[in-house]
Amino acid sequence: MVGRTGRLLAAGVTAVASAAALAGCTVSASAERTVSPPRFEASVADALEQEVGQRPEVDCGTDDVELVEGNTVHCDIGAEGDTTVYDSTVEVRDVDGSRYSVRVEVAEQPKTP
């Protein structure tokens, strides 16, 4: 049984969300800016929360994310207390130094365990 929180998230995850984000970054040897996974996940959660009114749990892996226009990252999206997980594709957009926005597309169907 999916809890109320899971139903709210599931009802809204098919939406496409965008949000501007201010993020700390580091400069790698290639001079490309990156953002840590926790900061990137917060940007994704912010975008989805703004779109569906509920803050999801987000897991985008352990690698730093390059802040390059059009870069895409796959993240798992879920709700606290619910084991249902959705795949999402997150596109980095509007890169300006360490500022960027994300466009999040969440799969309509949950991932199979």
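The rules behind the values
- Residues numbered from 1 in each chain as written.
- Predicted model: local features only at pLDDT ≥ 70, side-chain atom pairs only at ≥ 80, totals over all residues.
- Heavy atoms only, no water.
- Salt bridge = Lys/Arg side-chain N within 4 Å of Asp/Glu carboxyl O.
- Buried < 20%, exposed > 50% of the residue type's maximum accessible area, 1.4 Å probe, protein only.
- Disulfide = S-S within 2.5 Å.
- Helix = DSSP H or I, 4+ residues; strand = E, 2+ residues; numbered from the N terminus.
- Phe/Tyr/Trp six-rings, centres within 6.5 Å; stacked < 30°, edge-to-face > 60°.

A. Up close: the pattern of salt bridges. Applying the stated criterion across every chain, the model contains five salt bridges. With its nearest N and O atoms 2.7 Å apart, the salt bridge here joins Asp 46 to Arg 55. Accessibility expressed as a relative area gives 37% for Asp 46, which makes it partly exposed. For Arg 55, a relative accessible area of 38% translates into the label partly exposed. With its nearest N and O atoms 3.9 Å apart, the salt bridge here joins Glu 91 to Arg 93. Each member of the salt-bridge network shares a partner with another, and the members are Asp 46, Glu 49 and Arg 55.

B. Highlighting the state of the cysteines. A complete count under the given rule lists one disulfide for this structure. The partner cysteine of Cys 60 in its disulfide is Cys 75, sulfur to sulfur 2.0 Å. Measuring the twist about the S-S bond at about 105 degrees, one finds the Cys 60-Cys 75 disulfide to be right-handed. Placement of Cys 60 in the loop between strand 4 (57-59) and strand 5 (65-66) and of Cys 75 in strand 6 (residues 72-78) is noted, with a sequence separation of 15 residues between them. Each member of the pair Cys 60 and Cys 75 is classed as buried.

C. Summary view of the packing of aromatic side chains. Tallying each qualifying case throughout the model produces one aromatic pair. Their ring planes at 15 degrees and their centres at 6.2 Å tell us that Phe 40 and Tyr 100 sit as a pair that is stacked. With Phe 40 in helix 2 (residues 37-52) and Tyr 100 in strand 8 (residues 99-106), the pair connects residues that are 60 residues apart, well separated along the chain. For Tyr 100, a relative accessible area of 2% corresponds to the buried category.

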